[in-house]
Amino acid sequence: GVDSSVAAALLAGEGRDGRSRAILALMERWGDTAIAIDSDVAARFPTELPVRIVHNSFRVHDEQVGDGKAARNRLGLPEEGRILIGFAGFLRRQKGWPELVAAARILVDAGEPVHFVIMGGGVRSPEWFRSPRGRALALAGILSDEESALTQLVADSGLQDRFTFLPFVRDTAEVYEALDIVTFPNQGVGLGRPVLEAAAHGRPVVASGSTDGAGMLLPGVTGLLLEHGSPEEIAG
């Protein structure tokens, strides 16, 4: 007598691959409602179930840190003369970290005073990928160590002095207070929780993955919404 809801992120290949079709079949069989994180994801989700939009949740503190300079000091980030650009969350290629590094190279070559702050890490740690199971799944191409891939790309691009990597933290307020701009260059569909967290801390966003901001970003007001999320667009 209790309705069951299924929370749904956008499926790989928009639901056309075998794994996605199996997930959809289970949803259709057992679910009563599908929950999408925003209107863009809801529009692209191939299900006959009723779809309800429930945005990602986040916590707003009663007292913000307030002093960006003090936050930078505590986090060991550059204080003066650098624009701090943040990227937060699990590292997945679909979220656009390769494009962000390429954009960083463009900006540094142009002489722009930018510094990038990556907050988070891989879905599984580099240590896990050194385990027998991790090595086997990586060799089979089922999973990849994206955290190590990102740090290697930064090193290969000669940008080590322009990137700071911070671990996951429960309280993200201090990090957002330290930043000047937040990025979410999604190569797929949808705007993630960092867009909402940036708004809560009054930080502008450069993002892609939405046609109109999905009620989370006001294009040209609270941030810039990119059409493709290419390195050139991000840098611009």
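Criteria and thresholds
Residues numbered from 1 in each chain as written. Predicted model: local features only at pLDDT ≥ 70, side-chain atom pairs only at ≥ 80, totals over all residues. Heavy atoms only, no water. Helix = DSSP H or I, 4+ residues; strand = E, 2+ residues; numbered from the N terminus. Rg over C-alpha atoms; globule rule 2.2 N^0.38 Å. Buried < 20%, exposed > 50% of the residue type's maximum accessible area, 1.4 Å probe, protein only. Contact = heavy atoms within 4.5 Å. Areas by Shrake-Rupley, 256 points an atom, 1.4 Å probe, with all protein chains shown as cover. Lys, Arg positive; Asp, Glu negative; His and termini not counted. Charge placed at Lys NZ, Arg CZ, Asp CG, Glu CD. Pairing = 2+ DSSP bridges. Axes fitted to C-alpha atoms, helices over the stretch in contact; angles between N-to-C directions. Patch = residues over 30% accessible without salt bridge, like charges linked within 9 Å, V, L, I, M, F, W, Y side chains within 5 Å. Salt bridge = Lys/Arg side-chain N within 4 Å of Asp/Glu carboxyl O. Right-handed = clockwise from strand over helix to strand, strands pointing away. Phe/Tyr/Trp six-rings, centres within 6.5 Å; stacked < 30°, edge-to-face > 60°. Lys NZ or Arg CZ within 6 Å of the ring centre and 35° of its normal.

> Go over the overall build of the chain, please, and point to the residues and values.
Looking only at helices and strands, the chain has 10 helices and nine strands in total. In terms of overall size, the chain behaves like a compact globule, its C-alpha atoms giving a radius of gyration of 19 Å where 236 residues would be expected to give roughly 18 Å. Overall size of the chain, expressed as C-alpha extent along the three principal axes, is 60 × 45 × 30 Å. The 236 residues of the chain split such that 42% are buried. In the chain, once contacts between residues fewer than 6 apart in sequence are set aside, the share between residues at least 24 apart is 60%. On the chain, roughly 12,600 Å² of surface is accessible, and the fraction owed to carbon and sulfur atoms is 53%. If the 23 positive side-chain charges of the chain are averaged to one point and the 31 negative ones to another, these points end up 7 Å apart.

> Run through the sheet that holds strand β7 (residues 181–185), naming residues and quoting values.
Overall, parallel pairing links the six strands, which are arranged β6-β5-β4-β7-β8-β9 in an open sheet. A strand with exactly one partner marks an edge of an open sheet, and here the two such strands are β6 (163–166) and β9 (223–225). Neighbour-to-neighbour, the strand axes of the sheet open up by a mean angle of 20°, direction not taken into account. Looking at chain direction, strand β8 (residues 205–208) and β9 are connected through three bridges and run parallel. Bridged to A207 within β9 is L225.

> Can you explain a nonpolar patch on the surface? Please cite residues and give values.
A surface patch of nonpolar side chains, amounting to about 290 Å² of accessible area, comprises F90, V123 and F168. On the secondary structure map, V123 appears in the loop between β5 (114–122) and α5 (126–129).

> Would you mind going over the pairing of strand β2 (residues 33–36) in detail, with residue names and values included?
Two strands pair when backbone bridges link them, and β2 and strand β3 (residues 51–53) are joined in this way by three bridges, in the parallel orientation. Pairing of A36 across the sheet is with I53, part of β3. In this region the chain leaves β2, passes through helix α2 (residues 39–44) and returns to the parallel neighbour β3; the handedness of that crossover is right-handed.

> Any chance you could break down the pairing of β5 for me, citing the residues and the numbers?
Among the nine residues that make up β5, nine are buried, leaving the element largely enclosed by the rest of the structure. The sheet contact formed by strand β4 (residues 83–91) and β5 spans nine bridges and is parallel. Its bridge partner lying in β5, G86 is registered against V117. This β-α-β element, β4 to helix α4 (residues 97–109) to β5, shows right-handed connectivity.

> Summarise the packing of aromatic side chains; cite the residues concerned and give the values.
All chains considered together, the criterion is met by four aromatic pairs. Consider the rings of F116 and F163, whose centres lie 5.1 Å apart with planes at 15°: the pair is stacked. You can see F116 sitting in strand β5 and its partner F163 sitting in strand β6, a full 47 residues away along the chain. A single burial state applies to F116 and to F163, both of which are buried. Pairwise contacts between aromatic rings join F116, F163 and F165 into one cluster. For R29, the ring lying beneath its charged end belongs to W30, and the centroid distance is 4.5 Å.

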